[in-house]
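Chain and residue survey
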Amino acid sequence: MMNDYGVKVNWCEVKDCFRVITKDSEGKPMDVIMPTGRQAFIDSMEHYVPGSRKNAEELFGLFDEMNEGIDYVSEAGTQADTKILMKKYPNMLRTGAYPTRTVFNAMKMPQKMQDILENYWSYLGVDLEHLAFIHYCSMVSSYVENGAYIPAHTSHEISVAMIERIRELGGDVWFNCREEEIVFNGSKVCGVKTTMGEVACDYVLANINPDIIYGKMVDKKLIPEREKKLSNARNQRYGARMFTAYYGLDCTPEELGIKDYSIFLSSSCDSVKEYKSMQNIDTNDYSIFLCYNIANPEFSPKGTCVCSFTTFNSAEDWNNVKPEEYKDKKIKLAEKMMKNLKDKTGIDIKPHVEEAVTSSPLTFARYLNVPEGSVYGYETTDWDGIFARSMSLDSDYPMMDGLYPIGTSGPRGDGYSSAYACGKIVADIAMSKEGNK
């Protein structure tokens, strides 16, 4: 997508999907490395779970149909023809809206295979008893088939590249400028009030959580009743609130024995159990360890490396932390994740830390202005999955003439690629509604 718009990013390939160190459903230790590429992934699954090849091939066959169906629905929206869906994508209709675990069981998938596949849940922040299979399919199939890539200079490189391209095309980008109110002439958008003055415009594509838009930026009389109800239902279901600890180390990955870009570290492969344990800081034993130099050896100065841990928490738990306890609570959780890595892999990064930065849900809330620090927007779970959102585009996005929310709270859910895809989808809707193809 970036290439299509002339956005130049220096991408670095991540060789493997992930490594997971945990316990399987029988409580036995499990240490698995899954590669990218369909055939390599299927071969690896057969290695770890003998006799699973047929199930893996059937799963990817289902992925193919689902992805074609997703593309069709995304293009057609509410105009999707039921007869076409039934004829060309019957298995998508049979399985798409069901919880992922239910589909795995219906496919009679070996439990060990399910244990391995279940670890993808944290990328979306929804356990597999509540994540629709169609969403799981969209994320996992793309990840396995296309591989993973990271910007050489972190995600900020994407933002800088987009800014450069916007300016090349004659656009403006304003910094230190906050949007405070969306102005209407009757029910039609006519401008935006910012901290740097008012800007006249006909359209606003707002990468802002809808709860912020409705609660602070729009005249309450203009908000359609349907949007009030939808927002009230969703704001009880905010997605993952992240806690991240970054470390600059005084040695190379090789010196520490780090070979993997990403490692899932958990007490079990049960996504429901892990999701529940995350709701309390003290019971949370889940984290994802990354070493950026594995994908990009030049990420940091020679003889050093940079790594991070990420986990999720509930906003309620952090809200109960007293100001005088806040720093100690962050340090305690960060050190717990370091110890977990050492216990599971033997890799001890603590003696090598030169720089450390921690970010709690409160940090993300402050810097990104997202409710409760939920960078994932609303959970794409149960009735509010990506299939339901995609089929409701026409009813969700007429809202107010000229106003279109985008971002992780949009039709494709959370994640960088999903957020960018959402921007394109909603921009196309905005253009088409005005006859500007």
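Structure's up top.
Residues numbered from 1 in each chain as written. Predicted model: local features only at pLDDT ≥ 70, side-chain atom pairs only at ≥ 80, totals over all residues. Heavy atoms only, no water.

**Structural notes on the sheet that holds strand β13 (residues 353–359)**
Spatial strand order, β3-β2-β10-β11-β12-β9-β13: seven strands in an open sheet with mixed pairing. Each edge of the open sheet carries a strand with a single partner, namely β3 (29–35) and β13. Across the sheet, the mean angle separating the axes of adjacent strands is 15° when strand polarity is ignored. Direction of pairing for strand β10 (residues 262–265) relative to strand β11 (residues 287–291): antiparallel, over a ladder of four bridges. By the bridge assignment, Ile263 is partnered in β11 with Phe289. Contacts between helix α6 (residues 111–118) and the sheet are confined to β2 (16–23) and β3, with β3 contributing the most and set at about 65° to the helix. (Pairing = 2+ DSSP bridges. Helix = DSSP H or I, 4+ residues; strand = E, 2+ residues; numbered from the N terminus. Axes fitted to C-alpha atoms, helices over the stretch in contact; angles between N-to-C directions. Contact = heavy atoms within 4.5 Å.)

**Topic: unusual backbone geometry**
One non-glycine residue, Asn369, lies in the positive phi region at around 55°. Relative to the elements of secondary structure, Asn369 occurs in the loop between α16 (361–368) and α17 (386–391).

**Remarks on α16**
Pro361, Thr363 and Phe364 are the residues of α16 that are buried. Summarising the axial view, the buried residues of α16 lie within an arc of 155°, below the 170-degree limit, and thus occupy one face. Where α16 terminates, the next one or two residues include Asn369, which has phi positive at roughly 55°. (Buried < 20%, exposed > 50% of the residue type's maximum accessible area, 1.4 Å probe, protein only. Arc of directions from axis to C-beta.)

**What about the nonpolar core?**
Core analysis: the biggest nonpolar cluster contains 69 residues, and Phe41, Leu59, Leu117, Tyr120, Phe133 and Tyr136 have the highest contact counts within it. When residues in this core are grouped by element, the largest group, 10 residues, is from helix α2 (residues 53–76). Setting aside chain neighbours within four positions, we find Phe133 in contact with Leu59, Leu62, Phe63, Met66, Thr95, Gly96, Tyr98, Pro99, Thr100, Val103 and Phe104. Formed by 26 residues, the second largest nonpolar core is a distinct cluster that contains Leu249, Leu256, Phe309 and Met337. (Core = buried A, V, L, I, M, F, W, Y, C linked by side-chain atoms within 4.5 Å.)

**Focus: helix α19 (residues 416–433)**
Along its 18 residues, α19 runs 26 Å from first to last C-alpha, staying within 8% of the 26 Å computed at 1.5 Å per residue. For α19, every residue scored as buried is listed here: Ser418, Ala421, Cys422, Gly423, Ile425, Val426, Ile429 and Ala430. (Expected span 1.5 Å × (residues − 1).)

**Focus: the sheet that holds strand β6 (residues 188–194)**
An order of β5-β6-β7 is seen for the three strands of this open sheet, with the pairing classed as antiparallel. Both outer strands of the open sheet, β5 (179–185) and β7 (197–200), are each paired with one neighbouring strand and no more. In this sheet, adjacent strand axes meet at a mean angle of 25° when their direction is disregarded. Across four bridges, the pairing between β6 and β7 is antiparallel. Within β7, the residue paired with Thr194 across the bridge is Gly197.

**Some details on the environment of Glu65**
Along the chain, the position of Glu65 falls in helix α2. Residues Glu65 and Met92, 27 residues apart in the sequence, show an inter-C-alpha distance of 6.8 Å. With sequence-adjacent residues up to four places away left out, Glu65 is seen in contact with Lys88, Tyr89, Pro90, Asn91 and Met92. A polar atom in the side chain of Glu65 sits 3.2 Å from the backbone nitrogen of Met92. (Polar contact = N/O pair within 3.5 Å; in protein donor to acceptor, adjacent residues only side chain to side chain.)

**A short note on the packing of helix α1 (residues 38–48) against α6**
For the pair α1 and α6, the least separation of the axes is 10 Å and the interaxial angle reads 130°. What the angle tells us is that α1 and α6 run oblique. Once α1 is placed against α6, the crossing between them reads as right-handed. Across the interface between the two elements, Phe41, Met45 and Tyr48 from α1 touch Lys112, Met113, Ile116 and Leu117 from α6. Classifying every residue of the contact of α1 with α6 gives six nonpolar, no polar and one charged. (Parallel < 35°, antiparallel > 145°, perpendicular 65-115°, else oblique. Left-handed = near helix turned anticlockwise from the far one by under 90°. Nonpolar A, V, L, I, M, F, W, Y, C, P; charged D, E, K, R; others polar.)

**Brief notes about the pattern of salt bridges**
All told, the structure shown has 22 salt bridges when counted by the stated rule. With a closest N to O distance of 2.7 Å, Asp31 and Arg19 form a salt bridge. Of this pair, Asp31 sits in strand β3 while Arg19 is found in strand β2, placing the two residues 12 residues apart along the sequence. A residue is classified by how much of its surface remains accessible, and Asp31, at 39% relative accessible area, is partly exposed. By relative accessible area, Arg19 is classed as buried at 17%. A salt bridge links Asp428 to Lys424, with the nearest nitrogen and oxygen atoms 2.9 Å apart. Of this pair, Asp428 and Lys424 both sit in helix α19, separated by four residues, roughly a single helical turn. According to the relative accessible area criterion, Lys424 is partly exposed, its value standing at 35%. Three or more residues are tied together by salt bridges with common partners; here these are Arg101, Glu118, Glu129 and Asp270. (Salt bridge = Lys/Arg side-chain N within 4 Å of Asp/Glu carboxyl O.)

**As for the packing of aromatic side chains**
In the structure shown here, the tally under the stated rule is 24 aromatic pairs. A ring pair is formed by Phe60 and Phe63, whose centres lie 5.4 Å apart and whose planes are at 80°; its orientation type is edge-to-face. In this pair, Phe60 and Phe63 are both assigned in helix α2, three residues apart and thus about one turn of the helix distant. The two residues Phe60 and Phe63 agree in class, both being buried. Summarising the aromatic geometry, the rings of Phe133 and Tyr136 are spaced 6.4 Å apart at their centres and angled 20° between planes, so their arrangement reads as stacked. With Phe133 and Tyr136 both in helix α7 (residues 133–146) and three residues apart, this pair spans about one turn of that helix. (Phe/Tyr/Trp six-rings, centres within 6.5 Å; stacked < 30°, edge-to-face > 60°.)

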